[in-house]
There are 2 protein chains.
Amino acid sequence: MSTKQKRFILPEDEIPKFWYNIQADMKNKPMPPLNPKTKDPLKPEDLYPLFAKELCHQELDMENAWIEIPETVREYYKYWRSTPLVRAYGLEKALGTPAHIYFKNESVSPIGSHKLNSAIAQAYYCKEEGVSNITTETGAGQWGAALSYAAKVFGLEAAVYQVKISYNQKPYRRSIMQTFGAQVTPSPSMSTRAGKDILTKTPNHQGSLGTAISEAIELARTTPNCKYTLGSVLSHVTLHQTIIGLEAEKQMEMAGEYPDIVIGCFGGGSNFGGICFPFMRHTIKEGRPTRFIAAEPSSCPKLTRGKFEYDYADEAGYTPLLPMYTLGHNFAPANIHAGGLRFHGAGVIVSQLLKDGLMEAMDLPQLETFECGCLFAQSEGIIPAPESCHAIAAAVREAKKCIETGEEKVILFNLSGHGLIDMASYDQYFAGNLVNHELKDEDIEKNLDEIRNLQ
Amino acid sequence: MSTKQKRFILPEDEIPKFWYNIQADMKNKPMPPLNPKTKDPLKPEDLYPLFAKELCHQELDMENAWIEIPETVREYYKYWRSTPLVRAYGLEKALGTPAHIYFKNESVSPIGSHKLNSAIAQAYYCKEEGVSNITTETGAGQWGAALSYAAKVFGLEAAVYQVKISYNQKPYRRSIMQTFGAQVTPSPSMSTRAGKDILTKTPNHQGSLGTAISEAIELARTTPNCKYTLGSVLSHVTLHQTIIGLEAEKQMEMAGEYPDIVIGCFGGGSNFGGICFPFMRHTIKEGRPTRFIAAEPSSCPKLTRGKFEYDYADEAGYTPLLPMYTLGHNFAPANIHAGGLRFHGAGVIVSQLLKDGLMEAMDLPQLETFECGCLFAQSEGIIPAPESCHAIAAAVREAKKCIETGEEKVILFNLSGHGLIDMASYDQYFAGNLVNHELKDEDIEKNLDEIRNLQ
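S.K.: Residue-level account of the environment of Pro278 of chain A, with values.
M.R.: Residue and element names in this part refer to chain A. Relative to the helices and strands, Pro278 resides in helix 12 (residues 270-286). Separated by 11 residues in sequence, Pro278 and Pro289 place their C-alpha atoms 14 Å apart. Among all residues touching Pro278, those that are not within four sequence positions of it are Tyr20, Thr242, Gly245, Leu246, Glu249 and Gly273.

S.K.: Provide a residue-level description of the interface of chain A and chain B, including the pertinent values.
M.R.: Contact with chain A, which involves 49 residues of that partner, is made by 49 residues of chain B. In this assembly, chain A packs against chain B so that about 4,200 Å² is buried in total across both faces, 59% of it on carbon and sulfur atoms. Counting across the chain A and chain B interface gives 0 salt bridges. Our enumeration of links across chain A and chain B arrives at 18 residue pairs in polar contact (both at pLDDT 80 or more). Secondary-structure elements contributing two or more residues to the side of chain A that touches chain B are helix 3 (71-77), helix 6 (142-153), helix 8 (171-179), helix 15 (366-380) and helix 17 (423-430) of chain A. Broken down by element, the side of chain A that touches chain B gets its largest block of residues, 7 residues, from helix 8 of chain A.

S.K.: Break down the packing of helix 15 (residues 366-380) of chain B against helix 16 (residues 386-405) of chain B for me, citing the residues and quoting the values.
M.R.: All names here are of chain B. Interaxial distance between helix 15 and helix 16 falls to 8 Å at its minimum, and their mutual angle equals 85°. As summarised for this structure, helix 15 and helix 16 are arranged roughly perpendicular, according to the angle between their axes. Only Pro386, Cys389, His390, Ile392, Ala393, Val396 and Arg397 of helix 16 make contact with helix 15, whose side of the interface consists of Glu368, Thr369, Phe370, Cys372, Gly373 and Phe376. Considered class by class, the residues forming the contact of helix 15 with helix 16 number 8 nonpolar, 3 polar and 2 charged.

S.K.: If you had to explain the nonpolar core to someone new, which residues and values would you point to?
M.R.: Among the nonpolar cores identified, the biggest contains 229 residues, and Trp19 and Met359 of chain A together with Trp19 and Met359 of chain B are the most heavily contacted of them. In this view, Met359 of chain B contacts Phe272, Met280, Phe292, Ala294, Leu303, Val350, Leu353 and Leu354 of chain B; residues no more than four positions away in its chain are not counted.

S.K.: Report on empty space enclosed by the protein, specifying residues and quantitative values.
M.R.: For the structure shown, the criterion picks out 13 cavities of 30 Å³ or more. Taken as a whole, the largest cavity encloses approximately 460 Å³ of empty space. If you go around the largest cavity, you meet 35 residues; those closest to its centre are Ser107 and Val108 of chain A together with Ser107, Val108 and Ser109 of chain B. Broken down by secondary-structure element, the contributors of at least two residues to the lining of the largest cavity are strand 5 (100-105) of chain A together with strand 5 (100-105) of chain B. Of the residues contributing to the lining of the largest cavity, the split by class is 20 nonpolar, 11 polar and 4 charged.

S.K.: Kindly report on helix 17 of chain A, identifying the contributing residues and their values.
M.R.: Among all positions of helix 17 of chain A, only Met423, Ser425, Tyr426 and Tyr429 of chain A are buried. For helix 17 of chain A, the angular spread of the buried residues around the axis is 150°, confining them to a single face. Where helix 17 of chain A is buried, its residues meet helix 15 and helix 16 (386-405) of chain A together with helix 8 (171-179) of chain B.

S.K.: How would you summarise the state of the cysteines if you had to cite specific residues and measurements?
M.R.: Residues and elements named next belong to chain A. Taken as a whole, this structure holds 0 disulfides over all chains when the rule is applied. Cysteine Cys372 remains unbridged, with the sulfur of Cys389 as its closest cysteine sulfur at 8.2 Å. Residue Cys372 is classed as buried on the basis of its relative accessible area of 7%. Cysteine Cys389 shares no disulfide, and the gap to the nearest cysteine sulfur, in Cys374, comes to 7.3 Å.

S.K.: Break down the packing of aromatic side chains for me, with residues and values.
M.R.: Residue and element names in this part refer to chain A. Per the stated rule, a full pass over the model turns up 35 aromatic pairs over all chains. Summarising the aromatic geometry, the rings of Phe103 and Phe376 are spaced 5.1 Å apart at their centres and angled 75° between planes, so their arrangement reads as edge-to-face. Of the two residues, Phe103 is situated in strand 5 and Phe376 in helix 15; the sequence distance between them amounts to 273 residues. On the basis of relative accessibility, which here comes to 1%, the residue Phe103 falls in the buried class.

S.K.: Before we move on, could you go through the layout of surface pockets and cite the residues and values that matter?
M.R.: Any space left empty among the atoms is revealed by the rolling of a water-sized probe across them. Residues and elements named next belong to chain B. The space that makes up the largest pocket amounts to roughly 440 Å³. Where the lining of the largest pocket is concerned, the elements lending two or more residues are helix 9 (193-201) and helix 10 (209-221). Of all the elements, helix 9 adds the most residues to the lining of the largest pocket, at 4 residues. Tallied by class, residues from the lining of the largest pocket come to 9 nonpolar, 10 polar and 4 charged.

S.K.: I'd like a rundown of the relation of the copies chain A and chain B, residues and numbers included.
M.R.: Relating one copy of the chain to the other takes a rotation about an axis and a shift parallel to that axis. For the pair chain A and chain B, the relating rotation is 180°, the translation along its axis is 0.0 Å, and the fit reaches an RMSD of 0.0 Å. Such a turn and shift between the copies fits a two-fold axis. The rotation axis passes nearest to the C-alpha of Val108 of chain A in chain A, at a distance of 3.0 Å. Most of the interface of chain A is mirrored in chain B: 100% of its interface residues are interface residues there too.

S.K.: Could you give an account of the pairing of strand 13 (residues 322-326) of chain A, with specific residues and numbers?
M.R.: Residues and elements named next belong to chain A. Counting buried residues along strand 13, 5 of its 5 residues qualify, which places the element largely inside the surrounding structure. By the alternation rule, side chains of strand 13 split into Leu322, Met324 and Thr326 and Pro323 and Tyr325, which are all buried. Taken together, the 5 bridges between strand 12 (residues 307-311) and strand 13 define a ladder with antiparallel strand orientation. Across the sheet, the residue bridging to Glu309 is Met324, located in strand 13.

The rules behind the values
In this convention, every chain numbers its residues from 1, walking through the sequence in written order. Think of it this way: whatever chain is written first is A, whatever ligand is written first is 1, and the rest follow in order. Note on the predicted model: pLDDT of at least 70 is required for a residue's local features to be given, and 80 or more for side-chain atom pairs to be given and counted; whole-chain, interface and lining totals, by contrast, use all residues. Remark: hydrogens and water are excluded; side-chain values derive from all non-hydrogen atoms of the structure. Segments assigned H or I by DSSP are reported as helices when at least four residues long, segments assigned E as strands when at least two residues long, and all are numbered from the N terminus. By definition, residues are in contact when any of their heavy atoms lie within 4.5 Å. Put simply, buried area is how much 1.4 Å-probe accessible surface two parts lose in total, over both of them, once they are put together. Counted as salt bridges are all cases of a side-chain nitrogen of Lys or Arg within 4 Å of a carboxyl oxygen of Asp or Glu. Pairs of N or O atoms within 3.5 Å make up the polar contacts considered here, provided that, within protein, one atom can donate a hydrogen while the other can accept it, and that residues adjacent in sequence are counted only when both atoms are side-chain atoms. All axes are obtained by fitting lines to C-alpha atoms, using only the stretch in contact for helices, and the reported angles, taken between N-to-C directions, cover 0 to 180 degrees. An angle counts as roughly parallel when it lies under 35 degrees, as roughly antiparallel when it exceeds 145, as roughly perpendicular when it falls between 65 and 115, and as oblique in every other case. Each residue gets one label: Ala, Val, Leu, Ile, Met, Phe, Trp, Tyr, Cys and Pro are nonpolar, Asp, Glu, Lys and Arg are charged, and the others, such as Gly, are polar. In plain words, nonpolar cores are sets of buried Ala, Val, Leu, Ile, Met, Phe, Trp, Tyr and Cys residues tied together by side-chain atoms within 4.5 Å. Each residue's exposure class comes from its accessible area (1.4 Å probe, protein chains only) as a fraction of the maximum for that residue type: buried when under 20%, exposed when over 50%, partly exposed otherwise. The method works on a 1 Å grid over the protein atoms by themselves. A cavity is a set of points holding a 1.4 Å probe that cannot get out, a pocket is an open set with protein on both sides within 12 Å along at least five of seven lines, and residues with an atom within 4 Å of a point line them. Grid points are joined across faces, edges and corners, and a volume is the space filled by probe spheres set on the points. Picture the helix axis, draw a direction to every C-beta atom, and the arc is the one those directions span. Only a pair of cysteine sulfur atoms within 2.5 Å counts as a disulfide in this structure description. By convention, a stacked pair of Phe, Tyr or Trp rings (six-membered ring in the case of Trp) has centres within 6.5 Å and planes under 30 degrees apart, an edge-to-face pair has planes over 60 apart, and any other such pair is tilted. Least squares is the method for superposing the copies, and the C-alpha atoms it fits come from residues with pLDDT of at least 70 in both. When DSSP finds two or more bridges between two strands, those strands count as paired.

Shown next, in the form of structure tokens:
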């Protein structure tokens, strides 16, 4: 039994006061998003109709590496931040690895995941601008729950489109959103043109994040004084999530170590970027040889098997064209239980970094992620979200390599959320009902062919 | 927007190293539990067949005010302790009260409630004694989840009897227990004599904590190298929970305040005693005029409407006779959603303290507790367990009094757990399907008549 310190928590006055904008430090800047009609590079003003102005400027800011966190947002962060950095002695012992495994425990936020870091910020900027209503989409519901609470905090009305299959599979998340006062609609719905089109074309459509985004954007466009908010993919969302890595950097210092490998699960890229970018700045600026691994599901492998192309972030094509690794915006991912990772594209920053070799991607089959999630639960006591199981599985793979090599590598991963609302998924796993979804090259190619002429 | 500190967390080396045993400081000691056959006062040895020896001694220890927390248990506490003490600025603002409201946030434990504080300790003592199997009962499942994880930590086999209505209503809690490797059986079951008797007498019986305790005790008695564990009521369980109040005492000092009122919800008394007793020692020893309020459901009002009698802790009468406020061990509480508070009796320490006027009890109707729980969720972001909603509702009542009087009273309550697994209860509340269960005096009297001659 070790008597060494296990958890590292920052004093409130040590909580970072700035977010880190990696775009300012990147040698190759991300390629610009394009106006889909004119194909001109997007200016912040082009995004004003959709997002709060301050967020539009953050999105395209290539100059300022440090962006001050508004005092009000910092005050709300104190409700749960700093989150603990934890040395996973239990998991190390269960694996018998010489590696030092740390995880940043974002599951202790009031709504159970990292999503609140950006939800509070986005709702704050909307409120400051005098907005009264906000809309968004959500898959498994982690983002929708966070946004619903953030809206309540700032007295905004929130309307959430939840992917229909998740709406039905995870009724507790819907209840959580409703407890915070949000209106929740299963998507595709008959309440928008985009939803009607999809349901007409494909009756009984079970929904996708791309579809739900289209509906939320349409609602924002057609509602007075209403803005749209997004839970990942975009650069300003990732910016807000850097609070994770900035805290972790100080906490690793408390632990007297620096990570050799940093890992995040990967849906749109915001939790991955959030944990990784603050460490990556030392790689960019000082050449520290840290590995950054994005853990994505084998069934939605945009980083490992997708192509770098201009594509839409939504199914209806309402969004700007984004330069990103994508499987095509019409890609329909299998019904894996990590609903938050079922998205066809990657954020523009991460896409550029992957292209430039500053990070790697690892694809993981569903069964391996649940196996590792259970091992983590039994050795660390926290039942991880199916999304987070991907980060754990990647960490376990790297920790097992250390058994062979004898190296005491320092591995840090982000535990983006707990899985208490996802227990039905674990039930399915224990019942032997889950499978690994094999994806054929031709299925990927078909979707990619459809987007090759968008630019 | 206040910029004052909101959360107070202790450094790991400040986490208390001793539990506080209030029995040593009580002027009037609790009356002794009795052997139901001989009616002789119980000695620790009488409990050896059921519990780990160390726990038997803790149960009846009237001498030692401070009992050292074993180092191994302390190491596991570090997985989530100290839990935060939080100044509820959001709730204060929502109420418009001059009161200073603090809550101790036990919901951040890996399994989501305070129960792990005792589960780890009990499993540890069992393991130290060479026990290989442990059994227990659980209602809503908070205790069962904690015990299942604790058993896994120490390599013990765990068998949990879960009250049948909760087993069916809260399938996620069952899944959590299974994820930790425990066997879960809905109670009453056909696997024990006690269960068979009940099912024969009352087919389709939906279970109660009293019934599940009988089954778990019987399984422990009839299984080699197996001990029984209990999640509340008993004095050693409350002892372990004093870590809550001991931490809170230091944290209130960090905040520069001392509570005028301390509140816990009340099922068997362990979370209530856990938060209150460390503060109560200053009332006993130095005469500090603090009020201690036990918040119980109106539908299970043992403290406010029960009688002080010797009674069994279980339905089949397997336990010793305990001197306690009780509604009678055959009392069948209404199916309120605070499953953890549906127990007919109170622990012997708390019963004596109530008799001696050192604490008060407040009964709260179900609808008021959910109303206050939603207010708390919307103002503090944490969805509270239905049990914890009782503590919140009591705090809200006291905070509202301060609006009238203008007093800046300092109110501290224990947020014993989150309600993320109880969202179905919130759904029922929003749908208007919940009621306040009125209890007639004659229903209470009938059950009490049955136990008046047990002593």
